Amino acid sequence: MAVIQIDRLLETCVRRGASDLHLAVGRPPTLRLNTHLRELQTKVLEPEDTIALMKSITPERIQQEYEEQGSGDFGFAYGTEARFRVAIFKQKGVCSLVLRKIPNKILTFEQIGLPEMARQICRRPRGIFLCTGPTGSGKTTTLATMIDYINTNFDKHIITMEDPIEYYHPHKKSILVQREVGVDVPSFPEGLRRALRQDPDVMLVGEMRDLATISAAITAAETGHLVFGTLHTSGAASTINRIIDAFPTDQQEQVRVQLAGNLIAVLSQALCPRADTDGMLAAYEFMYVTPSIQNLIRENKSYRIDSDIQTGKRYGMQLLDDNLWMNFNAGKISKEEAIDKSKNPGQMVARMEQQGLIAGDEALQAEAEAEEVDEDEEDEEEEEDEDETPKAKANSNMSEKEKQQQAAANRARMQALQGKKQ
């Protein structure tokens, strides 16, 4: 009975175009549709229901990992309809599941809306390209599109290291090898080290969250390979800071030189629900490494990178807030979404005010809500930073202080606006 039930739930998820399926004790099965949670009209799940559902789709190896460590991750195919990335975990002593749907069809550059320069990056013989953003921002989809483009147009040997494998790529013009962490290789650093002896042209690293993986990825790029990787950072400047701060202080100068010489570009994404139609839209910040940006990285002047991005439009460069503003003006996303996803909500609100798109009271409320979003993002970053080095933690605290100063400036501006209104 559990198998039939999970089949029905997966079919509903695919049919309704949901991105995730949540199975938690105490509430009905729930879909995530365009960032919103929607309960299905079925029974409230009991502990025995989630256990039965989990066992109906989970391999024995992952069930053992779940029993020993309290969680597990794996991927599986639902017929020819879609693949799912599954996270199983214990909470309050009972089993919960989250299933992320991965479409079988790989999107094109035009469908995603990537800059033309991204296509040129796929032709590069060496270097490192980073796709960044929060969880669920479409990083995997973007990299799958770029890997598929290489696979279709060039005769390369491509090796991917993923946890778990999400998009399945067939061999086309290239030889494409996909290795799953925990199944085919014990860890990302080990996979990268071994890959260097397997005659690769292109390597993809599913996650670069620890020092060993970051170091191995930079070394792979430095030895003449094209490397794709992901980080959970927002913006090009913060991505560079996160990489450098992951290293001990006495190595950071050398890493800046390595990164300046091997980094090709950084693409930072944010997924937004569309206002003009159903579906999602990817807003992005794109930084292409020019000689000027190389100097800024070497000289530890990442705070000036945003200025170079603004003046680098001929390379397709664009700040996230400018892209959000453009999509908002085109009617593709709502003003609330533009404010919430922006790197500087206060400036976005002021921009809307100047254009007469948002009134005084509405501006005050928008800024207050934006500050709450900033605080939530800070909490998430603190959780991610738990595994970082002491130096990285110190820099994270500095970043938090700067954000607090920005929030204080926003509050002062709100008080000024209230004074004008009175």
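Bear in mind the structure is a predicted one, so any value in this text is a computation, not a measurement.

Q: Where do I start with the overall build of the protein chain in this structure?
A: Along its length, the protein chain carries 17 helices and 13 strands. Here the protein chain holds 422 residues, and 48% of them are scored as buried. Pairs at least 24 residues apart make up 56% of the contacts formed inside the protein chain by residues separated by at least 6 positions.

Q: What am I meant to see in the pairing of strand β1 (residues 20–23) here?
A: Each regular strand shows side chains that alternate between the opposite faces of the sheet. Pairing analysis gives three bridges linking β1 to strand β2 (residues 30–33), with the strands arranged antiparallel. When the sheet's bridge partners are listed, D20 is paired in β2 with R32. Remark: six residues form the turn of the hairpin made by β1 and β2, two consecutive strands paired antiparallel; G26 in that turn has positive phi of roughly 100°.

Q: Would you take a moment to explain the packing of helix α8 (residues 211–222) against helix α10 (residues 252–262) for this structure?
A: Packed helices, taken two at a time, are described by their axes: the angle between them and the distance between them. For the pair α8 and α10, the least separation of the axes is 10 Å and the interaxial angle reads 50°. Put simply, α8 runs oblique to α10. Crossing of α8 over α10 shows left-handed handedness. Here α8 contributes I218, A221 and E222 to the contact with α10, which in turn contributes V255, Q258, L259 and N262. Residues that form the contact of α8 with α10 fall into these classes: four nonpolar, two polar and one charged.

Q: Would you explain helix α15 (residues 345–354) in this entry?
A: Counting along an α-helix, one turn takes 3.6 residues, and residues three or four places apart therefore face a common direction. Every buried residue of α15 is listed here: P345, G346, M348, V349, A350 and M352. The positive-phi residue at the C-terminal boundary of α15 is G356, with phi of around 70°.

Q: Would you explain the packing of aromatic side chains in this entry?
A: Within a pair of aromatic rings, the relevant descriptors are the distance that separates the centres and the angle that separates the planes. In total, this model carries eight aromatic pairs according to the counting rule given. Aromatic pair Y149 and F154: ring centres 6.1 Å apart, planes at 70°, arrangement edge-to-face. Summarising the burial analysis for this pair, Y149 and F154 share the class buried. Considering the side-chain rings of Y288 and Y315, the 5.8 Å spacing of their centres and the 20° angle between planes classify their relative orientation as stacked. Of the two residues, Y288 sits in strand β13 (residues 280–288) while Y315 sits in the loop between α12 (305–310) and α13 (320–329), which places them 27 residues apart along the sequence. When its relative accessible area of 26% is taken as the criterion, Y315 is described as partly exposed. By way of ring pairs, the aromatic residues F74, F76, Y78 and F84 are connected into one cluster. In this structure, K90 is placed above the aromatic ring of Y66, and the distance from its NZ or CZ to the ring centre is 5.3 Å.

Q: Is there a simple way to explain the sheet that holds β1 in this structure?
A: Remark on secondary structure: sheet strands pair via backbone hydrogen bonds, oriented parallel or antiparallel. The strand order across the open sheet formed by six strands is β3-β2-β1-β6-β5-β4, and the pairing between neighbours is antiparallel. Whereas interior strands pair on both sides, the edge strands pair on one side only; in this sheet they are β3 (36–39) and β4 (71–78). With direction set aside, neighbouring strand axes in the sheet form an average angle of 20°. Summarising the sheet, β2 and β3 pair through four bridges and their orientation is antiparallel. Within β3, the residue paired with R32 across the bridge is L37. Strands in contact with helix α2 (residues 47–57) are β1, β4, β5 (82–91) and β6 (94–103); relative to β6, the strand with the most contacts, it is inclined by about 45°. Across the sheet, helix α3 (residues 60–69) lies against β4, β5 and β6, angled at about 155° from β4, the strand it touches most.

Q: So what exactly am I meant to see when it comes to the pattern of salt bridges here?
A: When their charged atoms lie close together, side chains carrying opposite charge are able to pair. For the structure shown, the criterion picks out 16 salt bridges. The partner of R274 in a salt bridge is D276, and the shortest N-O contact between them spans 2.9 Å. Classification of D276 by relative accessible area gives partly exposed; the value is 44%. The salt bridge partner of K301 is E299, with a shortest N-O separation of 3.5 Å. Residue classification places K301 among the partly exposed positions, given a relative accessible area of 26%. Here the salt bridges share partners, and the residues they tie into one network are E110, E116 and R119.

Q: Teacher, can you tell me more about the sheet that holds strand β8 (residues 157–162) here?
A: Strand order in this open sheet of seven strands is β9-β8-β10-β11-β7-β12-β13, and the pairing throughout is mixed. The open sheet terminates on both sides in strands that have one partner only, identified here as β9 (175–180) and β13. Going across the sheet, the axis of each strand differs from the next one's by a mean of 15°, ignoring polarity. As defined by bridge partners, strand β7 (residues 127–132) adjoins strand β11 (residues 226–231) across six bridges and the pair is classed as parallel. Looking at the pairing, T132 lines up with L231 of β11. Of the strands in this sheet, β12 (263–273) and β13 touch α13, which is tilted by about 145° from β13.

Thresholds applied
- Within each chain, residue numbers correspond to sequence positions counted from 1 in written order.
- Whole-chain, interface and lining totals are the exception, using all residues; otherwise, since this is a predicted model, local features are given only for residues with pLDDT of at least 70 and side-chain atom pairs are given and counted only at 80 or more.
- Only hydrogens and water are removed before side-chain values are computed, so all heavy atoms of the structure are retained for them.
- Elements are defined by DSSP. Helices are runs of H or I of four residues or more, strands are runs of E of two residues or more, and each kind is numbered from the N terminus.
- Partly exposed residues are those whose accessible area sits between 20% and 50% of the maximum for their type, while under 20% is buried and over 50% is exposed, using a 1.4 Å probe and protein chains only.
- Here, two residues are considered to be in contact whenever any of their heavy atoms come within 4.5 Å of each other.
- In this scheme, strands are said to pair when DSSP sees at least two bridges between them.
- Axis definition: a line fit to C-alpha positions, over the contact stretch in the case of helices; interaxial angles, taken between N-to-C directions, run 0 to 180 degrees.
- Geometric relationships in this document are graded by angle, where less than 35 degrees denotes roughly parallel, more than 145 denotes roughly antiparallel, 65 to 115 denotes roughly perpendicular, and other angles denote oblique.
- We call a crossing left-handed when the near helix sits turned anticlockwise from the far one by less than a right angle, and right-handed when that turn is clockwise.
- When residues are sorted by character, Ala, Val, Leu, Ile, Met, Phe, Trp, Tyr, Cys and Pro go into the nonpolar class, Asp, Glu, Lys and Arg into the charged class, and all the rest, Gly among them, into the polar class.
- Two rings from Phe, Tyr or Trp (for Trp, the six-membered ring) form a pair when their centres are within 6.5 Å of each other. A pair whose planes differ by under 30 degrees is stacked, one over 60 is edge-to-face, and the rest are tilted.
- We count a charge as sitting over a ring when the NZ of a lysine or the CZ of an arginine lies within 6 Å of the ring centre and within 35 degrees of the ring normal.
- Whenever Lys or Arg places a side-chain nitrogen within 4 Å of a carboxyl oxygen from Asp or Glu, that contact is recorded as a salt bridge.

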